[in-house]
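# Tertiary structure, described
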Amino acid sequence: MKLAFSTLGVPGLPVPDVLRLATEHGYHGVELRAHPEEPVHPGIGAAERTDTAAEFKASGITLLGVAGYTRVAAPGDDEPVVAELRALLDLARDLGAPYVRVFPGGTAEQSPEEADAIAARRLGTAAEHAGDVGVRILLETHDSHRTGADAMRILGLVGHRQVGALWDTMHTWLGGEQPSETYAALSPHLGYVQVKDIASVEDTAPLPLGAGVLPIAETVELLSRQGWDGWLCWEYEKRWHEDAAPLPGLLDAGRDHLARLLNDSA
């Protein structure tokens, strides 16, 4: 397995500095948070896209994915949601990223069946464009569909190879799902895995890897046992928790912790 981190942990940091962190601390890839407050998002122009792609290529660091904020199950008209998703797909194509992350984003006013159907319809529509640009859409286990079983209700309806899953290990744990259950549900569709750590159900502020309660070791062992050789991406939610320790000072220990777990599970 290869190691990456998300720029959610270093909000607003310029891309050259992000790449320098990855290189200096031994990470193979980076997930770029694609939000207007970040240097890279769908609103940037062609020159900025070309420069970013060139910076990644020159560094030898892989651009793992573009983490967007499209909520595919949200109430409302389909077209604005599909247009937002297509813009993310075009950005990923221009940058050379293989994946785009989306959220479910269903609401309490919807029935589960309605949210599933809306999300599946929009993802199915966008899947054709995803195929054209060579980028895969990954539905993250999050918010209204936080477990693998929840996400599979949508993915099963879509049934398209360009639409898969991103396993956020915190949300599946908060949803009461064991890693073995999540993997069984998502493995045919799995793009990559986000790892993180927290203190408890009530306190989800980010902690150094291994310092909290999330089943990181169990998840890595399971993935190793199944022969899965994809990406582990550390999503440290510094953007939402200003008092959390800065990520750069934690990167070495986080890499070492994951490397140790991988070695122990080999």
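As a reminder, the structure under discussion sits directly above these lines.
Treat the numbers as computed from the prediction; the structure is a model and nothing was measured.

Per the secondary structure count, the protein chain includes nine helices and eight strands. Relative to its length of 266 residues, the protein chain is compact, with a C-alpha radius of gyration of 17 Å against a globular reference of 18 Å. Along the longest, intermediate and shortest principal axes, the C-alpha atoms of the protein chain span 45 × 45 × 35 Å. Sorting the 266 residues of the protein chain into buried and exposed places 52% on the buried side.

Tracing the chain through its elements places Asp 116 in helix α4 (residues 112-133). Separated by 38 residues in sequence, Asp 116 and Ile 154 place their C-alpha atoms 5.2 Å apart. Sequence-distant contacts of Asp 116, that is, excluding residues within four places in its chain, are made with His 145, Arg 153, Ile 154 and Leu 157.

Bringing the nonpolar core into the picture now. Of all hydrophobic cores here, the largest spans 71 residues; its most connected members are Phe 5, Val 66, Val 100, Leu 123, Ile 137, Leu 232 and Trp 234. Among the elements that line this core, the one with the most residues is α4, at eight residues. Residues in contact with Leu 123, not counting those within four places in the same chain, are Val 72, Leu 85, Val 102, Ile 137, Ile 154, Val 158 and Val 163.

What follows covers the sheet that holds strand β5 (residues 136-140). If you walk around this closed barrel you meet the eight strands as β1-β2-β3-β4-β5-β6-β7-β8, and the pairing is parallel. Sheet twist, expressed as the mean angle between neighbouring strand axes with direction ignored, is 30°. Pairing of β5 with strand β6 (residues 163-168) involves four bridges; the strand directions are parallel. By the bridge assignment, Leu 139 is partnered in β6 with Ala 165. Contacting β6, β7 (190-195) and β8 (231-234), helix α8 (residues 216-225) crosses the sheet at an angle of about 140° to β6.

Take the packing of aromatic side chains next. The tally for this structure, following the rule as stated, stands at four aromatic pairs. Aromatic pair Phe 5 and Tyr 27: ring centres 5.4 Å apart, planes at 90°, arrangement edge-to-face. Residue Phe 5 is found in strand β1 (residues 2-6), and its partner Tyr 27 is found in the loop between α1 (15-24) and β2 (29-33); the two are separated by 22 residues along the sequence. By relative accessible area, Phe 5 is classed as buried at 0%. Note on Tyr 69 and Phe 103: the rings are 5.7 Å apart at their centroids and 80° apart in plane angle, and the pair reads as edge-to-face. One end of the pair, Tyr 69, is in strand β3 (residues 62-71); the other, Phe 103, is in strand β4 (residues 99-103), and 34 residues separate them in sequence. Phe 103 gets classed as buried once you look at its relative accessible area, which sits at 5%.

Glancing now at helix α5 (residues 148-158). Every buried residue of α5 is accounted for by Gly 148, Asp 150, Ala 151, Ile 154, Leu 155 and Val 158. Taken down its axis, α5 places every buried residue within 160° of arc, on the same side. Exposed positions of α5 whose direction lies more than 90 degrees from the buried face are Gly 156 and Leu 157. Once α5 ends, the next one or two residues include Gly 159, with phi positive near 60°.

One way to put it is that α4 packs onto α5 with a least axis distance of 8 Å and a crossing angle of 45°. On the basis of the axis angle, α4 is oblique to α5. For the pair α4 and α5, the crossing hand works out as right-handed. Along its contact with α4, which presents Pro 112, Asp 116, Ala 117, Ala 119, Ala 120, Leu 123 and Gly 124, the element α5 presents Arg 153, Ile 154, Leu 157 and Val 158. Here the residues of the contact of α4 with α5 sort into eight nonpolar, one polar and two charged.

Cut-offs used in this document
- Residues numbered from 1 in each chain as written.
- Predicted model: local features only at pLDDT ≥ 70, side-chain atom pairs only at ≥ 80, totals over all residues.
- Heavy atoms only, no water.
- Helix = DSSP H or I, 4+ residues; strand = E, 2+ residues; numbered from the N terminus.
- Rg over C-alpha atoms; globule rule 2.2 N^0.38 Å.
- Buried < 20%, exposed > 50% of the residue type's maximum accessible area, 1.4 Å probe, protein only.
- Contact = heavy atoms within 4.5 Å.
- Core = buried A, V, L, I, M, F, W, Y, C linked by side-chain atoms within 4.5 Å.
- Pairing = 2+ DSSP bridges.
- Axes fitted to C-alpha atoms, helices over the stretch in contact; angles between N-to-C directions.
- Phe/Tyr/Trp six-rings, centres within 6.5 Å; stacked < 30°, edge-to-face > 60°.
- Arc of directions from axis to C-beta.
- Parallel < 35°, antiparallel > 145°, perpendicular 65-115°, else oblique.
- Left-handed = near helix turned anticlockwise from the far one by under 90°.
- Nonpolar A, V, L, I, M, F, W, Y, C, P; charged D, E, K, R; others polar.

Functional significance is not addressed by these values, which are geometric in nature.
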